[in-house]
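Structure at a glance
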Amino acid sequence: MEKDFKRQIEIIESGTEDVLTKEELESRVKKAIIENKPLKVKLGLDPTAPDIHLGHAVVLNKLRQFQELGHKAILIIGDYTSRIGDPSGRSTLRPKLSEDVIEKNSKTYMEQAFKILIPEKTEVVKNSNWLHHLKFEDILNLTSRFTVARMLEREDFKKRYKSNTPIAIMEFLYPIMQAYDSVAVKADVELGGTDQKFNLLMGRELQKELGQEPQIAITMPILVGTDGVEKMSKSLGNYIGVYEPPGEIFGKIMSIPDNIIIDYFRLLTTLDYKDIEAMNDDMEKGVLNPSIAKRRLAKIIIERLYSKEEAIKAEEEFDLIFKKKEAPEKVEEYVIKQSDTPGKKIGIVELLYNSGLVSSKGEARRLIVQGGIKVDDKKVSDPDGKFNLDDLNNKILKRGKRFFRKIIVKE
RNA sequence: GGAGGGGUGCCCGAGUGGUUAAAGGGAGCAGACUGUAAAUCUGCCGGCGAAUGCCUACAGAGGUUCGAAUCCUCUUCCCUCCA
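First, a word on what this report is: a plain description of the structure on this page. Residue indices follow the written sequence of each chain, beginning from 1 at its first position. For naming, the first written chain is A and the first written ligand is 1, with later ones following in the order written. Totals for whole chains, interfaces and linings use all residues, but because this is a predicted model, local features are given only for residues with pLDDT of at least 70 and pairs of side-chain atoms are given and counted only at 80 or more. Derived side-chain values reflect all non-hydrogen atoms in the structure, with water molecules and hydrogen atoms excluded from consideration.

**Some remarks on helix H10 (residues 197–209)**
- Spanning 13 residues, H10 covers 19 Å between terminal C-alpha atoms, matching the ideal 18 Å at 1.5 Å per step.
- Every buried residue of H10 is accounted for by Phe198, Asn199, Leu200, Met202, Gly203, Arg204, Leu206 and Gln207.
- Strands are runs of DSSP state E lasting at least two residues, helices are runs of H or I lasting at least four, and both sets are numbered from the N terminus onward. Gly211 sits one or two positions beyond H10 and adopts a positive phi of about 80°. A helix is expected to span 1.5 Å for every residue after the first. Three exposure classes are used, based on accessible area relative to the maximum for each residue type with a 1.4 Å probe and protein chains only: buried under 20%, partly exposed in between, and exposed over 50%.

**Overview of the packing of helix H11 (residues 246–254) against helix H14 (residues 290–305)**
- Axes here refer to lines fitted to C-alpha atoms; in helices the fit is confined to the stretch in contact. Angles between the N-to-C directions go from 0 to 180 degrees. The geometry of H11 relative to H14 is characterised by a closest axis approach of 9 Å and an angle of 145° between their N-to-C directions. For H11 against H14, the interelement crossing comes out right-handed. Residues Pro246, Ile249, Phe250, Ile253 and Met254 of H11 lie in contact with H14, whose contacting residues are Ser291, Lys294, Arg295, Leu297, Ala298, Lys299, Ile301, Ile302 and Leu305. Put simply, a crossing is left-handed when the front helix is turned counterclockwise from the back one by less than a right angle, and right-handed when it is turned clockwise. Residues count as neighbours in contact if any of their non-hydrogen atoms are within 4.5 Å of one another.

**What about the packing of helix H1 (residues 5–13) against helix H3 (residues 54–68)?**
- One can describe the packing of H1 onto H3 by two numbers: an axis separation of 9 Å at closest approach and a directional angle of 170°. Comparing their axes, H3 and H1 come out roughly antiparallel. Each of Ile11, Ile12 and Glu13 in H1 lies in contact with H3, whose residues at this interface are Lys62, Gln65 and Phe66.
- Only Asp, Glu, Lys and Arg are considered charged in this grouping, and only Ala, Val, Leu, Ile, Met, Phe, Trp, Tyr, Cys and Pro are considered nonpolar; every other residue, Gly among them, is considered polar. When the residues that make up the contact of H1 with H3 are grouped by side-chain class, the tally is three nonpolar, one polar and two charged. Angle categories: roughly parallel below 35 degrees, roughly antiparallel above 145, roughly perpendicular from 65 to 115, and oblique for all the rest.

**Focus on the sheet that holds strand E6 (residues 216–220)**
- By this definition, two strands are paired if DSSP reports at least two bridges between them. Strand order in the open sheet made by the six strands is E1-E6-E5-E2-E3-E4, with mixed pairing throughout. Two strands bound the open sheet, and with one partner strand each, they are strand E1 (18–20) and strand E4 (122–126). In this sheet, adjacent strand axes meet at a mean angle of 20° when their direction is disregarded.
- Pairing between E1 and E6: three bridges, direction antiparallel. The partner of Asp18 across the bridge, within E6, is Thr219.
- On the sheet, H10 packs against E1, strand E5 (189–193) and E6 and is oriented at approximately 170° with respect to E6.

**Side note on the pattern of salt bridges**
- Within this document, salt bridges are pairs made up of a side-chain nitrogen of Lys or Arg and a carboxyl oxygen of Asp or Glu, the two lying within 4 Å of each other. Enumeration over the complete set of coordinates arrives at 20 salt bridges.
- Its salt-bridge partner being Glu209, residue Arg145 comes within 2.9 Å of it at the nearest N-O pair. One end of the pair, Arg145, is in the loop between helix H6 (136–143) and helix H7 (148–152); the other, Glu209, is in helix H10, and 64 residues separate them in sequence.
- When its relative accessible area of 27% is taken as the criterion, Arg145 is described as partly exposed.
- In this structure, Asp195 engages Lys231 in a salt bridge whose closest nitrogen and oxygen atoms are separated by 3.5 Å. Of this pair, Asp195 sits in the loop between E5 and H10 while Lys231 sits in the loop between E6 and H11, placing them 36 residues apart in sequence.
- Linked by salt bridges that have partners in common, Arg295, Lys299, Glu315 and Asp319 make up one network.

**Points about the sheet that holds strand E10 (residues 378–379)**
- Strand order in the open sheet formed by five strands is E7-E13-E12-E9-E10, and the pairing between neighbours is mixed. Unpaired on one side and paired on the other, strand E7 (333–337) and E10 mark the two borders of the sheet.
- Direction of pairing for strand E9 (residues 373–375) relative to strand E12 (residues 396–399): antiparallel, over a ladder of three bridges. From the neighbouring strand, Lys374 faces E12, where its bridge partner is Lys398.

**Considering the pairing of E12**
- Pairing of E12 with strand E13 (residues 403–410), which is carried by four bridges, proceeds in the antiparallel orientation. Bridging from a neighbouring strand, Leu397 pairs with Arg405 of E13.
- The antiparallel hairpin formed by E12 and E13 contains three residues in its connecting segment, where Gly400 sits at a positive phi of about 60°.

Structure representation (structure tokens):
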């Protein structure tokens, strides 16, 4: 356990959106240090989508910081709650998930979460453990403690109510269930995104009602996606998954707009904030090229998720493809059998289509006309062009800047 | 239970009988530019075909018509209001 009280508070509060309340946090941390008793820091994850992306990583990062300070992480898999689906920020009812989908998602979720968390310092529990056993009577008891008015204070519910968009009664139960999770694990702190504030506060209330000390609610800012506008989410396709190969992560980070680089540093790295501010200044003054900052960011993130070597390799590969415009080391192979190819000749359109580089022959034709197809670094301009198989062996077929196939000719 | 509105391409959304493979936007892809897979600009953006062409497509099924996303009938799903 980190004994330096000030340092603890500084690290815990860095990058947060809100800490409710700071006073409570301070006294709880102080007590934890004196009694050498780690705080229980709760984070609930709903395995609604099977993959974790950098948006989730923001909160996981914070949890990791807690672990590094010597506290205990309690990761709650919302296998039961995700049957309802969190209505937070939603404008419509979420579709219900089946049990085996949830089961499967949970597994991959955990694997990915441990790329960021320290496994030995993490306790993982499913909330079906306790929610499943509640009787209707218990639920009545819980629901009696909250009012409809209280629920409608929530912006998303309020909007839906006002605009006559339906709200399932079941959806009111979600925050209560999440609150009950906090009671069940006796959480000292709960983490979440800004959109979780209401739910976190419900936890505090219910804990108080049931005679526990209320948890401290810490919210983290929402990470914008690679488009620089919308919240990072899988369904919008603007996400960077923690499971993606290093090269892909590198490329995606290079593609984020310049104005969100600093936010990414703040939320996804543990760099000193002075260092980050300095970068910000330099970029504004034009001393630092944003692409350099992005390279640094990409490497830090990949190093966290994989290793230093992978980070360096990813950068090298990026330069190879985009600066030198060459093919990467590993290129997917496409094998052509001579016996399947009468006349030992193949048209470029067929070649592109068969190799899976394009999804239709029309697309192949278009790309050729637009100058997006190269064979062995030579532009192909005739859509009707044909190649001798003998000339194609080991040649690189290239579509645009990023898609390659190595052609292997076999008997 | 009653009354009404709606379901269009990956997404949003226009289109109320022919000129509609269907406006516009977003996403995506390609090209130019760039120390960037950023920004910007240009082009493409259902499938097959060398092609004047053919096929598939506007919730589903059927019908009217020379011709239907557009009109009619039934089915289905969603939404609103009244109770």
